[in-house]
Amino acid sequence: MDPVLSTEVLAKLRQPRPYPAVSLAMPTHRRGPDNAQDPVRLRNLLAEAEKRLTGDPDVPRERRLDILDQLGRAAAEVDLTRAEDGLVIYAAQGEHQVWSLPRTVPERVVLSDTFLTRNLVAARAAEQPYWAVAVAADRVSLWSGDPERATEAARDGFPLTRSLEPQDVEREERVGDVPSLFRDEDTRQFLREAHEKLRVLLAAEPRPLYVLGSAAALGAVEELGPLGPDTVTVEHGGLAGAPAAAVHAAVEPSRAARAAAAVTALSAELDAARGRREFAGGIDEVWRAAKEGRARLVAVEEDYRTVVREEGDHLQPAEAGDAGARDDMVDEIVERALDTGAEVRFVPTGTLDGQGRIAAVLRY
């Protein structure tokens, strides 16, 4: 998913627009032969949107033409050769956006006064993003990562650079030619500046942080004070100007170990909640808890999707295409839970066996 999908971006997407704000969503495929159907499905979805816009008497002609133009521009930006698992297109008067998601979405066209964001919200929660910062004496680079990749984030003052003599400082750090470099006051001031920028970033967008660098670099950063409880240091120099694949590979063992420990702790937390009768299991119970704001923590298996319909105050299994069927209820639960301040954690398939593949710890 696009690494700039931040809390601020989501808030802007959810703001009301002049009717209609058009949302298109469809599942996509990463490889053949399934991906051969994606261009056809996209054309059909765009044709359906045009039909809906043309047939809606509440859409003025000038606005309809503008939105159709925005949809055309969005479609031209779609690169299905690099598709992930889902595609979402937004178009409204004077604007359009295209999002590729690492989480499948149900196919739909929605005309409303806001964009349909629940699939983006759920995808962002499932993404398990982290920050990584690679530290050298002359460069501090920031990376936005997830279990699949890392991407350098040129934002918030990063990368932070300065000129040094000799030029190949990172090579010398690796071989130990400059053991006293990180005791130099100019270097310490340089790292203090990076440290403060990181503190501001983490306050605005909290994520686990991995600090990468040589032993001397990590020691100098640690002396500046803690960056937060979710900070892990990884002793690996030479990454401040390295390719993305190298940064991802350096972080991955620590990230995977942390994820495994988190699943173990979550299972214990769910067991304890059951003992206190503060537990909900299965989509019907968790949906009601999230809707009423009673969920404090929601755990979902990462590939769980199901089709349901509402019957009174309960959800019942349904088939796709049934009247009243809802095929993104899991994403809606995630969005509602986050809106009410709950924590949402996606876990590997099989973690919630016997609990309906979705479970919650309740506030009361």
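To be clear, the structure that these remarks concern was listed above.
The structure presented is a predicted model; accordingly, all values stated were derived computationally and were not measured. Starting from 1, residues in each chain are numbered consecutively following that chain's sequence as written. Predicted model: local features are reported for residues with pLDDT of at least 70 only, side-chain atom pairs are reported and counted for 80 or more only, and whole-chain, interface and lining totals are derived from all residues. Hydrogens and water molecules were not included; the side-chain quantities draw on all heavy atoms of the structure.

**Q** What is the right way to read empty space enclosed by the protein from this model?
**A** Where empty space is left can be seen by rolling a probe of water-molecule size over the atoms. Points on a 1 Å grid over protein atoms alone make up a cavity when a 1.4 Å probe fits among them but cannot get out, and a pocket when they form an open set with protein on both sides within 12 Å along at least five of seven lines; lining residues each have an atom within 4 Å of a point. Grid points are joined across faces, edges and corners, and a volume is the space filled by probe spheres set on the points. Within the structure shown, the criterion is met by two cavities of 30 Å³ or more. For the largest cavity, the calculated volume is near 60 Å³. Secondary structure elements follow DSSP: runs of H or I no shorter than four residues count as helices, runs of E no shorter than two count as strands, and numbering proceeds from the N terminus. Among the secondary structure elements, those contributing two or more residues to the lining of the largest cavity are strand 5 (130-135) and helix 6 (185-204). Among the elements that take part in the lining of the largest cavity, helix 6 stands out by supplying four residues, more than any other. For this classification, the nonpolar set comprises Ala, Val, Leu, Ile, Met, Phe, Trp, Tyr, Cys and Pro, the charged set comprises Asp, Glu, Lys and Arg, and every other residue, Gly included, is treated as polar. The residue makeup of the lining of the largest cavity, split by class, is nine nonpolar, one polar and no charged.

**Q** Explain the nonpolar core here, please?
**A** Across soluble globular proteins, nonpolar side chains show a tendency to be buried alongside one another. Working definition of a nonpolar core: buried Ala, Val, Leu, Ile, Met, Phe, Trp, Tyr and Cys residues. They are joined through side-chain atoms within 4.5 Å. Here the term buried applies to any residue with accessible area under 20% of the maximum for its type, exposed to any over 50%, and partly exposed to those in between, with areas from a 1.4 Å probe on protein chains only. The biggest cluster of nonpolar side chains holds 25 residues, and the ones touching the most others in it are Val135, Val140, Leu191, Leu198, Leu209 and Val211. Residue assignment for this core shows that the elements contributing at least two residues are strand 5, strand 6 (139-145), helix 6, strand 9 (209-213) and helix 7 (215-223). Broken down by element, this core gets its largest block of residues, six residues, from helix 6. By definition, residues are in contact when any of their heavy atoms lie within 4.5 Å. In this structure Leu198 touches Val133, Leu142, Phe158, Leu209 and Leu227, once residues within four positions along its chain are discounted. Among the nonpolar cores identified, the runner-up in size contains 24 residues, and Val300, Ala337, Val344 and Leu362 belong to it.

**Q** How should I be thinking about unusual backbone geometry in this particular structure?
**A** Glycine aside, residues mostly have negative phi angles, and peptide bonds mostly take the trans form. Note that the residue after Tyr19, namely Pro20, is joined by a cis bond; omega there is 0°. Position of Pro20 among the secondary structure elements: in the loop between helix 1 (7-13) and strand 1 (21-27). Here the bond from Phe158 into Pro159 is cis, since omega is 0°, no more than 30 degrees from zero. Tracing the backbone shows Pro159 in the loop between strand 7 (150-152) and strand 8 (160-161). Residues other than glycine seldom take positive phi values, yet Asp156 does so here, at roughly 50°. Assignment of secondary structure puts Asp156 in the loop between strand 7 and strand 8. Judged by relative accessible area, Asp156 falls into the partly exposed class, the value being 37%. Unlike most non-glycine residues, Arg357 shows phi in positive territory, near 70°.

**Q** Please clarify how the pairing of strand 16 (residues 358-362) should be interpreted in this entry.
**A** On a regular strand, each side chain points to the face opposite its neighbour's, so the side chains alternate between the two faces of the sheet. Of all five residues that make up strand 16, five are buried, and the element is covered over most of its length. Burial along strand 16 is two-sided: Ile358, Ala360 and Leu362 and Ala359 and Val361, pointing in opposite directions, are all buried. One ladder, built from three bridges, connects strand 11 (residues 279-281) with strand 16; its direction is antiparallel. Bridge pairing links Phe279 to Val361 in strand 16. By definition, two strands form a pair when at least two bridges between them are found by DSSP.

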